[in-house]
Every structure is written in structure tokens, then in C-alpha cells.
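# Fold and contact review
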Amino acid sequence: MKKVMWLAVALVGLMALAGLAQAEDLTLNGAGASFPYPIYSQWTHKYNSLTGVKINYQSIGSGGGIAQIKAKTVDFGASDEPLKPEALAEAKLVQFPMVIGGVVLVVNIPGVGPGQLKLTGEVLGDIFLGKISKWDDPAIKGLNPDLKLPSQAITVAHRTDGSGTTFIFTSYLAMVSPAWKEKVGAGKAVKWPAANSIGGKGNEGVAGQVKVVSGAIGYVEYAYALQNKMAFTQLKNKSGKFLSPSLEAFQGAAANADWKNAPGYYLMLNNQPGDQSWPIAGATYILLQQDQPNAAKAAAMLKYFTWCYEHGGEMAAKLDYVPLPKTVVEMVKATWAKELKADGKPVTY
Amino acid sequence: MTKANPATSKGDSYFKWLTAICSLITPLLMAGIFLELVAHSLPSIKKFGVGFLISQNWNPVTEQFGGASSIYGTIVSTLIAMVIAVPLAIAIALFLVELARPGVSKVVSTMIELLAAIPSIIYGMWGMFVFGPFMAKHVQPLLQGVLGFLPLFQGPPMGLGMLTAGIILAFMILPFICAITRDVFQLVPHVVKESAYGMGATTWEVTRKVTIPYGLVGIIGALFLGLGRALGETMAVTFVIGNAHNIAASLFAPGNSIASTLANEFTEATDPVYISSLMELGLVLFIITYLVQVGAQFMLRKLYKSWSVGL
């Protein structure tokens with residue numbers, strides 16, 4: 001009996017100590033995009049185990065992330081769709097890219113395996129417009145003379161929730177297909193014109209629908225295509241080369257992009273030049289307030305982001321994200337020095 | 001205690017007030033939700049007017065929103081569910097009460113009640129990964145082969161769409177309707193049934209002329225309970241309805257419902273008109289559900305009067 005009592009007392013004491021220790025640690029709160037959530041959660045976990053700094057990231061969607069950082073209820077926001085420079089200035093926010101991801105097309109056609117089907121931007125646009133509605137359409141056959149394509153109706157699978165992935169994909173279609181640009185446009189959510197189109201929530205929703213609907217084509221983040229072992233397609237890039245998606249091909253897109261002349265890093269990584277550039281890719285962004293209310297927190301955040309840039313690359317690659325090129329990281333650091341202020345002074349970290 | 005305790009009467013009045021306040025919570029909550037929905041829908045109501053209910057153009061890029069496809073999908077998927085579930089539920093209930101041996105009845109009843117305990121997301125995932133492909137491979141080609149001349153069953157069999165959503169909904173509301181109907185049938189006094197049998201009536205005659213009329217009020221109550229559940233069901237429908245903002249004649253075609261649209265699009269809607277349009281859809285669903293309940297009450301009252309039987 002006595003033993004139990006002592007144990008209980010010791011336990012309570014330990015818990016109190018743990019509580020104290022936690023209260024002393026710094027906690028950073030962030031919210032936003034769901035696309036980078038897997039890598040953000042790994043980074044925060046690892047960083048916490050190394051430094052004790054606790055970072056809560058809520059994957060509530062880009063829209064919510066933007067709203068919350070504007071309302072100053074979080075320390076940092078995250079969004080897949082970059083804010084335009086004017087919007088940034090108006091809300092007094094600083095924006096910079098964190099990590100890059102690629103969007104790939106997956107199909108469910110009997111007899112067609114991963115990397116076998118070749119598509120071009122124009123044909124893809126016509127498929128998603130509903131102009132090409134059968135898999136044995138001459139336009140598709142012409143690109144794939146060696147494949148046996150069935151005379152099956154094409155079902156287009158897309159995201160139903162507003163998403164950065166959709167934004168990247170529709171921006172690409174608007175770049176390569178004038179008809180798409182005119183009829184549909186680009187956005188986090190659009191009106192899908194094809195008669196045979198079905199929607200799924202999240203990447204997993206679209207991946208699931210392509211898996212169960214024979215004759216379907218959909219766009220997902222690269223990681224989902226790999227994890228679900230789906231038949232991704234080749235795409236023709238700006239240089240006229242047919243490529244299969246790979247981390248190198250996404251890196252090519254990021255490296256060839258003209259970051260320098262993009263204020264607020266507002267930049268599409270779609271349709272970038274270079275033989276090895278995958279044509280559909282995009283960065284996901286972090287948003288900070290220009291005037292940081294708490295210098296210690298601001299420094300902790302910048303330290304964390306620097307750590308992610310410098311030590312997070314391998315973890316990112318494991319999850320099929322592409323780390324930011326070094327040159328871009330240096331540019332981001334220059335932006336911090338120039339635009340971020342705490343108590344009227346640049347943040348030292 | 002010989003004298004009356006003055007605290008008792010005081011306690012009574014306290015108790016009365018306490019319960020009154022508690023019962024006030026529900027109407028206040030209802031009114032609050034309604035007003036909040038109206039307030040947030042105002043921008044959309046002002047911008048689109050009645051057109052919102054008629055137009056099926058849902059375009060976040062140009063900020064044009066019309067909720068017709070969602071409203072249509074809500075009603076059609078519910079109708080399909082009711083058409084399938086109601087006769088099935090009544091047939092099962094009759095079998096359990098009138099025809100089955102007590103042992104069988106007990107086992108089947110328990111299984112039906114278990115069906116009601118399955119969370120809706122399980123129905124959704126099962127619907128998408130198991131039932132959808134089954135529909136595409138077997139049911140839809142069969143329907144197309146036999147009834148393909150009807151516009152209802154045209155188009156490529158994808159497995160996901162309005163029909164699949166309706167059938168999944170039917171599975172979901174079946175246990176509710178069935179369990180209540182069974183209870184209602186059990187409450188029909190044995191004396192009444194036995195006298196009918198005594199007069200030489202067959203089981204079918206007893207069912208048609210005694211059991212069903214006697215339990216009609218309860219059955220209708222059960223129907224409306226199922227209807228209410230089907231109208232607002234979200235997760236399962238979102239998985240299988242196909243989520244396309246369009247109205248198609250074919251039941252094979254993908255569609256959407258109010259609840260599925262809200263579930264899909266609310267989290268990432270940033271534009272004020274977009275959010276407001278989603279709110280207005282919520283308001284429409286609120287009103288539809290409310291009307292269904294009022295309709296149910298009205299019908300029940302009428303039935304009470306004309307039959308002067310029931311529970």
C-alpha cells in the first residue's frame with residue numbers, strides 16, 4: 001500500500017515537472033495547405049526531437065491558412081496557391097516557397113501500365129474539355145501507335161475540394177490549351193466541362209476513383225500515384241521531349257524557373273524549358289506577417305525554416321517532394337532580411 | 001414530517017423553470033441556426049436571386065453559382081433510396097412479425113439493428129471500392145441490356161453516380177424503417193388478429209386488412225425518419241455519387257447532393273460569394289428538411305382523425 005502511495009506521489013511529481021518543462025518550450029502554430037502536410041508533420045516531429053521547439057501544424061486547407069494568418073491567429077500560414085504581390089502588400093504578408101511537388105496524370109485503361117501512355121498538353125486539354133471522349137480517338141492513337149487502346153469512354157476524374165493541385169493542373173492546361181483557357185480558366189476549383197467527369201475529395205479521392213472506374217484519367221500528386229501503384233502517363237514537355245514523372249524531372253522544372261523576376265515568388269513551375277523538365281509542377285508556400293509581434297518567436301520560425309531548407313531535403317525526397325534549389329533558398333533568406341521586421345528591426349536568428 | 005414543507009412547493013416551481021429553460025434550448029438553437037444561415041446567405045441571395053435555385057452553372061472561376069444540380073441530386077438520390085428501401089423494409093418487418101419462427105426473427109432483427117450501427121463512412125468506402133465496381137461490372141450492364149432504351153439507364157457504366165448513391169442510401173435507411181415498422185406491427189393487439197383468423201381470414205388478408213392499417217401511422221412515421229436521414233446523409237453519398245455539378249437524365253451519370261457539395265467544397269472556399277453560396281445551399285437543405293417534418297406532422301394528424309386508430 002505504501003509503495004503504491006509513493007509511486008503515485010512520484011508520478012504526480014514527474015507529471016508536474018513535465019508540464020513545467022513544456023511550458024518553458026516555445027510553441028509555434030501554423031495552419032494551411034494539406035498538400036505539404038505529410039512532409040511538414042515529419043519535419044516538425046524531427047525538429048522537435050532535436051531542439052525541443054514545438055510546432056503545431058493544422059492541415060485545414062490553403063483557404064483556411066490564408067484566412068488565419070490574415071487574422072493573426074497563427075504564427076505562420078501555408079498555401080498552395082501563391083498570393084498575388086498586390087494581395088501580399090495589402091495584407092502585409094511575406095510569402096516564400098517551402099517545397100516543390102509534381103502533379104502527374106494517372107489512368108485506368110485495361111492493358112495499359114505505368115509510363116506507357118504518351119500524351120501532349122493539347123490532347124490532355126481536349127480530354128478534360130470532353131472533346132476527346134474515347135480512348136481510341138485518332139489523336140491519342142497517333143501519339144501511341146504501339147499501344148492497343150480500347151474503344152472505351154473516357155471518364156475524367158478531378159478534385160471536388162478547392163486545392164492547390166487543381167490550381168497547378170488547370171494553370172498548366174490554360175497555358176497549353178487556348179480552348180481551356182477561354183472556356184474554363186485556372187483556379188483552385190473550376191467548372192469541369194467534360195460530360196463524363198467525376199469528382200473526388202483530396203488526392204486520395206481522385207486516386208481511388210481512377211482505381212475503381214475503368215476508362216478513367218485523373219491528376220494527382222506524384223506521391224499518390226506511386227503509393228497506389230497507378231499507371232501514370234508520359235507527357236510531352238516544352239522542349240518537345242516525352243518524359244515520365246520523376247523527382248529529377250520535377251527538379252528540372254524548379255531549376256529552370258525564373259524565380260528572380262517573380263515578386264512574392266508568384267511563379268508557376270508549369271511548362272518550364274529544359275529537356276528534363278516535367279511540365280506540371282508547383283511550389284507550396286509559407287506566409288508570415290511582415291511585422292512580427294514577438295521577436296523570439298520570429299527568430300525561432302526562421303531558424304526552423306532554415307533547418308528545413310538545409311536538412312529537410314532527404315526527408316522531402318523520401319516522401320516524393322522536391323527540395324527547393326539552393327539558389328532559391330538564398331533568395332528567400334534575402335527576402336527575410338529585407339521584409340521581415342520585429343519591433344522595427346530585422347529578425348536575427 | 002407532519003407539516004407540509006414550504007420548500008417543496010418552491011422546489012416544484014424551481015423544477016418547472018429548470019425544465020422550461022432546458023426545453024427552450026432546442027427552439028432557440030433552431031432559430032439561431034436558421035438566422036445564421038440566412039445572414040450568411042444574403043450576399044448570394046442578393047447576387048443570384050431565384051436564379052440560384054434554377055441555374056446549374058456552378059463556376060468558382062467566374063464566381064457564378066447555381067445550386068439546381070445539388071438540390072436535384074438531393075431529391076433524386078433520396079427518392080431512389082425510398083423507392084428501394086420502403087417496400088423492402090415493410091416486407092422484412094412483416095416476415096419477422098407474422099411469418100418467421102421466433103428464433104429466426106430474433107437473429108435477423110439483431111442483424112438489421114447492427115446494420116444501423118455501421119458508421120456512414122464505412123458505407124461510403126464500401127460503396128466506392130466494392131459496391132461501385134460491382135455495379136459497373138454486373139448491375140449496370142444488365143440494366144442497360146434490359147432497359148437501355150430508357151434515358152434513365154444510358155451512358156457508360158462507371159459504377160459511381162446517382163443510382164449507386166441511391167442504393168447505398170437505401171441500405172442505410174433500411175434498418176431504421178424496418179426496425180420501427182417491426183415494432184409497430186408487434187404492437188397490433190393479438191386479440192384483433194386472432195379474431196380475424198377466427199373468422200377464417202388468411203395470413204395475407206390479416207396483413208392487408210388488419211396489421212397494415214393498424215400500424216399505418218407508425219409506418220409513415222418510420223418513412224419520414226428514413227427520409228430525413230437520406231436527405232442529409234453526407235459521407236456515404238460523397239463517396240459514391242460522382243460529385244459533378246450537372247443534372248443528367250441518366251441515373252448512371254455522376255451528380256451531387258447538397259450535403260456532398262458542402263462536404264467537398266467548404267474547407268477550401270475562400271471567396272466570399274462562394275462561401276455565401278454554400279451557405280445558401282445549407283439553408284435550402286434546412287428548409288427542405290423542415291418542410292418534410294412539417295409535412296409528416298400534418299399527415300399524421302390527418303390520419304389520426306380519419307382512422308382514429310394508431311399508437
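Note that this is a predicted model, so its numbers are computed, not measured.

### Looking at the overall build of chain A
- On a plain count of helices and strands, chain A comes out with 14 helices and 16 strands.
- Summarising its shape, the C-alpha atoms of chain A cover approximately 80 × 60 × 30 Å along the three principal directions.
- When each of the 349 residues of chain A is scored for burial, the buried share is 50%.
- Sequence-distant contacts in chain A: of pairs separated by 6 or more residues, those separated by 24 or more amount to 73%.

### Section: the overall build of chain B
- When its secondary structure is counted, chain B shows 11 helices and 0 strands.
- Moving toward the C terminus, one meets the helices and strands of chain B in the order α-α-α-α-α-α-α-α-α-α-α.
- The proportion of buried residues among the 311 residues of chain B is 39%.
- For chain B, the share of sequence-separated contacts (at least 6 apart) that also reach a separation of at least 24 residues comes to 77%.

### Side note on the nonpolar core
- Counting 169 residues, the largest nonpolar core has Ile100(A), Val106(A), Ile173(B) and Ile177(B) as the members making the most contacts within it.
- Take this core: its biggest share by element is 17 residues, from helix H6 (residues 162-186) of chain B.
- Sequence-distant contacts of Val106(A), that is, excluding residues within four places in its chain, are made with Ala207(A), Val210(A), Gly218(A), Val220(A), Ala225(A), Met230(A), Ala231(A) and Phe232(A).

### Observations concerning the environment of Val192(B)
- Within the secondary structure, Val192(B) sits in helix H7 (residues 190-198).
- A C-alpha to C-alpha distance of 7.7 Å links Val192(B) and Val210(B), two positions 18 residues apart in sequence.

### Quick word on the confidence of the model for chain B
- Residues with a pLDDT of 70 or more make up 96% of chain B, whose mean pLDDT is 89.
- We note a pTM of 0.82 for the whole complex and an ipTM of 0.79 for its interfaces.

### Looking at the sheet that holds strand E16 (residues 345-346) of chain A
Residue and element names in this part refer to chain A.
- Read from one edge to the other, the open sheet built from 3 strands follows the order E13-E15-E16, with strand pairing classed as mixed. Strand pairing shows two members of the sheet lacking a second neighbour, strand E13 (291-292) and E16, which therefore form its edges.
- Two elements, strand E15 (residues 341-342) and E16, share 2 bridges in a ladder whose sense is antiparallel. The partner of lysine 341 across the bridge, within E16, is proline 346.

### Regarding the sheet that holds strand E5 (residues 118-119) of chain A
All names here are of chain A.
- What the 3 strands build is an open sheet, ordered E5-E10-E11; its pairing is mixed. Each of the sheet's edge strands pairs with one partner strand only, and the pair in question is E5 and strand E11 (242-243).
- Summarising the sheet, E5 and strand E10 (residues 234-236) pair through 2 bridges and their orientation is parallel. What sits directly across from leucine 119, in E10, is leucine 235.

### Here's the deal with the interface of chain A and chain B
- Taken residue by residue, the interface counts 32 residues in chain A and 25 residues in chain B.
- Residue assignment for the side of chain A that touches chain B shows that the elements contributing at least two residues are helix H3 (62-70), strand E7 (197-200) and helix H9 (202-212) of chain A.
- The residue makeup of the side of chain A that touches chain B, split by class, is 10 nonpolar, 18 polar and 4 charged.

### Some remarks on unusual backbone geometry
All names here are of chain B.
- With a phi angle near 60°, glutamate 63 is a residue other than glycine that sits in the positive phi range.
- Here glutamate 63 shows up in the loop between helix H2 (51-54) and helix H3 (68-99).
- Assessed through the 13 C-beta atoms surrounding it within 10 Å, glutamate 63 is described here as partly exposed.
- The residue asparagine 243 is not glycine, and still its phi comes out positive at about 55°.

### What about the packing of helix H5 (residues 120-147) of chain B against H6(B)?
Residue and element names in this part refer to chain B.
- Packing of H5 against H6 leaves a shortest axis separation of 10 Å and a crossing angle of 135°. As the angle between them shows, H5 and H6 are arranged oblique. In this structure, the crossing between H5 and H6 has a hand that is right-handed. Between H5, through Ser120, Tyr123, Gly127, Phe131, Gly132 and Met135, and H6, the contact on the second element is made entirely by Thr164, Ile168, Phe171 and Met172.

### Overview of H3(A)
Residue and element names in this part refer to chain A.
- Within H3, 7 of the 9 residues are buried, which leaves it mostly tucked inside the rest of the structure.
- In this fold, the buried residues of H3 make contact with strand E1 (27-32), strand E3 (76-79), strand E4 (93-108), helix H7 (164-176) and strand E12 (281-289).
- Where H3 ends, the next residue or the one after it, lysine 72, has phi of about 60°, a positive value.

### A short note on the pairing of strand E6 (residues 155-159) of chain A
All names here are of chain A.
- The buried fraction of E6 is high, at 5 of 5 residues.
- Neither face of E6 is open: one carries Thr155, Ala157 and Arg159, the other Val156 and His158, and all of them are buried.
- Where E6 lies against strand E8 (residues 216-221), 3 bridges are found, and the strand directions are parallel. Bridged to valine 156 within E8 is isoleucine 217.
- Judged from the 4 bridges that link them, E6 and E7 form a sheet pairing that is parallel. Looking across to E7, one finds that alanine 157 is bridged to isoleucine 198.

### As for the environment of Val328(A)
Residue and element names in this part refer to chain A.
- Within the secondary structure layout, valine 328 lies in helix H14 (residues 326-339).
- Expressed as a C-alpha distance, the spacing of valine 328 and tyrosine 304, which sit 24 residues apart in the sequence, is 17 Å.
- Setting aside chain neighbours within four positions, we find valine 328 in contact with Pro97 and Trp259.

### Regarding the pairing of strand E2 (residues 54-59) of chain A
Residues and elements named next belong to chain A.
- Sheet topology note: the E1/E2 ladder contains 6 bridges and is parallel. In the sheet register, glycine 32 faces E2, and the bridge partner there is serine 59.
- In this fold, E1 hands off to helix H2 (residues 37-51), which returns the chain to E2; that crossover is right-handed.

About the thresholds
- Residues numbered from 1 in each chain as written.
- Chains lettered and ligands numbered in written order.
- Predicted model: local features only at pLDDT ≥ 70, side-chain atom pairs only at ≥ 80, totals over all residues.
- Helix = DSSP H or I, 4+ residues; strand = E, 2+ residues; numbered from the N terminus.
- Buried ≥ 20, exposed ≤ 12 C-beta atoms within 10 Å, placed from the backbone.
- Contact = placed C-beta atoms within 7 Å.
- Core = buried A, V, L, I, M, F, W, Y, C linked by C-beta atoms within 7 Å.
- pLDDT = per-residue confidence, 0-100.
- Pairing = 2+ DSSP bridges.
- Nonpolar A, V, L, I, M, F, W, Y, C, P; charged D, E, K, R; others polar.
- Axes fitted to C-alpha atoms, helices over the stretch in contact; angles between N-to-C directions.
- Parallel < 35°, antiparallel > 145°, perpendicular 65-115°, else oblique.
- Left-handed = near helix turned anticlockwise from the far one by under 90°.
- Right-handed = clockwise from strand over helix to strand, strands pointing away.

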